[in-house]
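A closer look at the structure
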Amino acid sequence: MDIILKYFSDFTPAQLAQFEALKGLYSEWNEKINVISRKDIDQLYEKHVLHSLSIAAIADFAPGTQIIDLGTGGGFPGIPLAIFFPEVQFHLVDSIGKKIKVVEGVAESLGLKNVTAAHSRIEDIKNRKFDIVVSRAVAPLGDLWRWSKHLMKKSTVPGKQFEKGLICLKGGDLAQEISESGLKPRLIDIYDIFPEESFKEKYIVMAKF
């Protein structure tokens, strides 16, 4: 938890309590359903929570913004972002049902009223539209873009540096992946935001619709 407070300080008591509860909740759920590797659970706040919050460091989502987290896994980046932005609505989706069970359990325990979750494939979501799509290490950029297009609202939403589109957390050499996608995304080096060893060669990839 200390590493979160190293970079963020303007939390309400409720938000602090929610962030502090994450370690116990994920440790408990991980004993039943393995959604975080055993070696990473002790570094939950750095490798999962702070990594997710890198998006919050560069994008200030307006109240009422509708965000979908594609392939959320155990709830990243969606759960930390939902704590950070209590006035923003998050819909967390994964094709693996047991992972969504964890997401629902964590969100309920935290009292997150701004989170919904669904066991679904991306292409099967047809009855909702969103302002922003977020994703963390799920699929190549081109695939995420193609899958996401039908989910986007036509109108834009106000936000710092970013209005409407796809925000991905990715790592490694992305040159070929970006070239194959045909997109011209903006890349932000997470190490420049959070200069921690684990964030070297980790990036926020932002593509506007």
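Before any of the text, the structure's been laid out above.
Structural notes, computed from the coordinates. Values in this document were obtained by computation on a predicted structure and should not be read as measured data. (Residues numbered from 1 in each chain as written. Predicted model: local features only at pLDDT ≥ 70, side-chain atom pairs only at ≥ 80, totals over all residues. Heavy atoms only, no water.)

**Considering the pattern of salt bridges**
- Tallied over the entire structure, the rule returns six salt bridges.
- The partner of lysine 47 in a salt bridge is aspartate 40, with the nearest N and O atoms 3.5 Å apart.
- In this structure lysine 47 comes out as partly exposed when scored by relative accessible area, which is 27%.
- A salt bridge links lysine 200 to glutamate 197, with the nearest nitrogen and oxygen atoms 3.4 Å apart. (Salt bridge = Lys/Arg side-chain N within 4 Å of Asp/Glu carboxyl O. Buried < 20%, exposed > 50% of the residue type's maximum accessible area, 1.4 Å probe, protein only.)

**Brief notes about the environment of glycine 71**
- Position of glycine 71 relative to the elements: it lies in the loop between β1 (66-70) and α4 (78-84).
- Given the relative accessible area of 22%, glycine 71 is considered partly exposed.
- Note: C-alpha distance between glycine 71 and serine 135 (64 residues apart in sequence) is 6.6 Å.
- If we skip the residues at most four places from it in the chain, glycine 71 touches Val93, Asp94 and Val138. (Helix = DSSP H or I, 4+ residues; strand = E, 2+ residues; numbered from the N terminus. Contact = heavy atoms within 4.5 Å.)

**Quick look at unusual backbone geometry**
- Cis geometry is found at the peptide bond from phenylalanine 76 to proline 77, where omega equals 10°.
- Mapping proline 77 onto the fold places it in the loop between β1 and α4.
- Not every positive phi belongs to a glycine, and alanine 137 is a case in point at roughly 50°.
- Following the sequence through the fold, alanine 137 ends up in the loop between β4 (132-136) and α6 (141-148).
- Classification of alanine 137 as exposed rests on a relative accessible area of 65%.
- Even without glycine at this site, glutamate 201 takes up a positive phi of about 65°.
- Along the polypeptide, glutamate 201 turns up in the loop between α8 (190-193) and β7 (202-208).
- A residue is classified by how much of its surface remains accessible, and glutamate 201, at 54% relative accessible area, is exposed.

**Side note on the packing of helix α2 (residues 13-32) against helix α5 (residues 97-110)**
- Where α2 contacts α5, the two axes come as close as 10 Å, and the packing angle between them is 145°. Of the two elements, α2 crosses α5, and the hand of that crossing is right-handed. Taking contact as the criterion, the partners of Gln18, Ala21, Leu22, Leu25, Tyr26 and Trp29 in α2 are, on α5, Lys101, Val102, Gly105, Val106, Ser109 and Leu110.
- Taken together, the residues of the contact of α2 with α5 sort by class into eight nonpolar, three polar and one charged. (Axes fitted to C-alpha atoms, helices over the stretch in contact; angles between N-to-C directions. Left-handed = near helix turned anticlockwise from the far one by under 90°. Nonpolar A, V, L, I, M, F, W, Y, C, P; charged D, E, K, R; others polar.)

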